[in-house]
Amino acid sequence: MSFDLTEEQESLRRTVEKFAEKELAPIAAEAEEKGEFHREIFEKLADIGLLGIPCPEQYGGAGLDYSTYILVIEEIAKQCLATAVGLAVQGLPQIMINLFGSEEQKKQYLAPLASGKKLGAFALTEAGAGSDAASLKTTATLDGDSYVLNGSKVFITHGGVADIYLVMAKTNPGEGARGISSFIVEDGTPGFSCGKTEKKMGMRASPTREIILEDCRIPRKNLVGKEGDGFKIAMIALDSGRITIGAAAVGVAQAAFDESVKYAKQREQFGQPIASFQAIQFMLADMGTAIRAARNMVREAAYLKDKGKPFSHVAAMAKLFATDTAMKVTTDAVQIFGGYGYMQDYPVERLMRAAKVTQIVEGTNQIQRMVIARHLLK
Ligand code: COS
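Because the structure is a prediction, the values reported are computed rather than measured.

Student: Can you break down the nonpolar core residue by residue, with the values?
Tutor: Soluble globular proteins tend to pack their nonpolar side chains together in the buried interior. The biggest cluster of nonpolar side chains holds 91 residues, and the ones touching the most others in it are Leu-45, Ile-76, Leu-81, Leu-149, Val-185 and Ile-243. For Val-185, the contacting residues outside a window of four places in its chain are Leu-149, Asp-163, Ile-164, Tyr-165, Val-167, Phe-192, Leu-213, Cys-216 and Ile-218. In terms of nonpolar packing, the next biggest core, distinct from the first, is built from 26 residues, Cys-55, Ala-133, Ile-180 and Ala-234 among them.

Structural data, given as structure tokens:
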């Protein structure tokens, strides 16, 4: 594993950095305050080929590796976590359909997702099934050449704005995890509707919504993989998703660190910049050290995935460490800013609220510890 980026990776990283400074920085604070989703940002991301990173070129994607995907996510997250998480979520259905879908599904769904013509979403969580995902209650009953879905999903990122949902439902309710299957459900299908839009602590430019399935009849051919494979398909997708959330957390932490260094050099107290005090220097030293370690862990997880090696526990470790780092670094950033850090005039309070959700999404950090411990003890 090399620490150097290839020329192509560095060039793409710089392009994305400039894109994020030009397109996201000016709107991120206001979109957060108003809870506004900017669909046009995803069109612009699509124009520069960023919505189809994990999709192979033959199906209309960029066919780039995960080591490149995480660079893109980190740069976007520095300016706007909502957009970075959206970019990560857009990848999940592409990964699932590419790995487990039929040729027909790949031809029908991958190009629209990769080109950004359609937005994708991942629908696993239910009101009573969060960390214990296998206890989900939504059912899918085979009826002739259709499946009929009934149930509801909560906390769905891009719920209501997505066009294609990968929905996990029980085809065999008595079978636990092995009774779950995975389906493609299109927006507009009779029986598909959206419920409550959540009011969140942070990441408010990304809509999080309930979706409702009432006798929602979808073609039998929309089953992804085989009946009973849905839980494993979801877990495999989440393994990859956890790497991208780790990358997003590194971006949030880096942004808070950069703001802190700038502020510490310019803010004067007791007749000198606060950066000259050891109390602040040690905080910055710890923040910089943790961010470097987190970034390297995320890169290792991506490297293992790219090489086709087992990476599930390393992805969990990277997600755990990077998101805990983001929480600590953003909290310390607010502390360095003092009273100003608590005010919305500076970006660090928004970054601190953003960091919190990274410890929860794609599996809470307690679930990551479970995944890690199971691996270490097996
Ligand atoms: N890759 C492939 N297969 C996996 C897997 C993975 N990462 N994790 C589990 N599986 C398989 C297991 O091998 C097992 O298969 P068999 O039945 O053939 O033995 C099956 O899935 C059930 O696994 P397990 O018994 O470990 O399931 P648990 O109910 O104990 O749940 C956890 C495991 C807790 C890890 C899982 O429910 C989880 O990740 N929860 C968090 C959900 C989450 O991240 N939600 C966020 C949604 S997006 S914001």
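Still to come is the rest of the account.
Student: Lay out the site of the ligand in plain terms, naming residues and giving numbers.
Tutor: Taken together, 22 residues sit near the ligand, with Ser-131, Arg-178, Lys-232, Asp-239 and Arg-374 positioned nearest. Between an oxygen atom of the ligand and a main-chain N or O atom of Gly-363, the distance comes to 3.1 Å. Contributions of two or more residues to the shell around the ligand are made by helix H6 (230–266) and helix H10 (365–377). With 7 residues, the single largest contributor to the shell around the ligand is H6. Tallied by class, the residues present in the shell around the ligand amount to 11 nonpolar, 5 polar and 6 charged. In terms of domain composition, the shell around the ligand takes at least three residues from each of domain 2 (121–231) and domain 3 (234–377).

Student: How would you sum up helix H7 (residues 278–306)? Please name residues and give values.
Tutor: Owing to its 3.6 residues per turn, the α-helix aligns residues three or four sequence positions apart on the same side. Between its first and last C-alpha, H7 extends 42 Å over 29 residues, near the 42 Å set by a 1.5 Å rise per residue. When we look at burial in H7, the residues that qualify are Ile-280, Leu-284, Met-287, Ala-290, Ile-291, Ala-294, Val-298, Arg-299, Ala-301, Ala-302 and Leu-304. If you follow the buried residues of H7, they end up packed against helix H3 (66–79), H6 and helix H8 (312–337). Of the residues one or two after H7, Gly-308 is the one with positive phi, at around 75°.

Student: Account for the packing of aromatic side chains, with residues named and values stated.
Tutor: Given two aromatic rings, one states the distance between the centres and the angle between the planes to describe the pair. Across all of its chains, the model carries 9 aromatic pairs by this definition. A centroid spacing of 5.8 Å and a plane angle of 65° characterise the contact between Tyr-340 and Tyr-346, whose relative ring orientation is edge-to-face. Among the residues examined, Tyr-340 registers a relative accessible area of 40% and is labelled partly exposed. In textbook terms, an aromatic cluster arises when at least three aromatic residues are bridged by ring pairs, as seen for Tyr-263, Phe-337, Tyr-340 and Tyr-346. Above the ring of Tyr-66, the side-chain terminus of Lys-305 is found at 4.8 Å from the ring centroid.

Student: Explain the packing of H3 against H7 to me, using residue names and the numbers behind them.
Tutor: Relative orientation of the contacting elements H3 and H7 amounts to 145°, with a least axis distance of 8 Å. Facing H3, whose interface residues are Tyr-66, Ser-67, Ile-70 and Glu-74, H7 presents Arg-295, Val-298, Arg-299, Ala-302, Tyr-303, Lys-305 and Asp-306.

Student: Tell me about the domain arrangement of the chain, and name the residues and values.
Tutor: One widely used convention gives an interface's size as the accessible area the parts lose upon coming together. Taken domain by domain, the chain consists of domain 1 (7–118), domain 2 (121–231) and domain 3 (234–377). Contacts between the two partners involve 23 residues from domain 1, matched on the other side by 29 residues from domain 3. Buried surface at the junction of domain 1 and domain 3, both sides included, amounts to about 2000 Å², of which 73% is carbon and sulfur. Inspection of the domain 1/domain 3 interface yields 2 salt bridges. A salt bridge links Arg-353 to Glu-32; the nearest nitrogen and oxygen atoms lie 2.7 Å apart.

Student: I'd like to hear about H8, residue by residue, with values.
Tutor: Counted at 1.5 Å a residue, the expected span for H8 with its 26 residues is 38 Å, and the 37 Å between its end C-alpha atoms agrees. In terms of burial, H8 is largely enclosed, as 19 of its 26 residues are buried. The positive-phi residue at the C-terminal boundary of H8 is Gly-338, with phi of around 60°.

Student: Any chance you could break down the side chain of Arg-13 for me, citing the residues and the numbers?
Tutor: Examined against the element boundaries, Arg-13 turns out to sit in helix H1 (residues 7–34). On the accessibility criterion, Arg-13 (18% relative accessible area) is buried. Separated by 3.1 Å, the side chains of Arg-13 and Glu-10 make a polar contact. If we ignore the near neighbours within four places in the chain, the residues touching Arg-13 are Leu-5, Leu-71 and Glu-75.

Rules behind the numbers
- Residues numbered from 1 in each chain as written.
- Predicted model: local features only at pLDDT ≥ 70, side-chain atom pairs only at ≥ 80, totals over all residues.
- Heavy atoms only, no water.
- Core = buried A, V, L, I, M, F, W, Y, C linked by side-chain atoms within 4.5 Å.
- Buried < 20%, exposed > 50% of the residue type's maximum accessible area, 1.4 Å probe, protein only.
- Contact = heavy atoms within 4.5 Å.
- Near = heavy atom within 4 Å.
- Polar contact = N/O pair within 3.5 Å; in protein donor to acceptor, adjacent residues only side chain to side chain.
- Helix = DSSP H or I, 4+ residues; strand = E, 2+ residues; numbered from the N terminus.
- Nonpolar A, V, L, I, M, F, W, Y, C, P; charged D, E, K, R; others polar.
- Domains from an automatic or database assignment.
- Expected span 1.5 Å × (residues − 1).
- Phe/Tyr/Trp six-rings, centres within 6.5 Å; stacked < 30°, edge-to-face > 60°.
- Lys NZ or Arg CZ within 6 Å of the ring centre and 35° of its normal.
- Axes fitted to C-alpha atoms, helices over the stretch in contact; angles between N-to-C directions.
- Buried area = accessible area lost by both parts, 1.4 Å probe.
- Salt bridge = Lys/Arg side-chain N within 4 Å of Asp/Glu carboxyl O.

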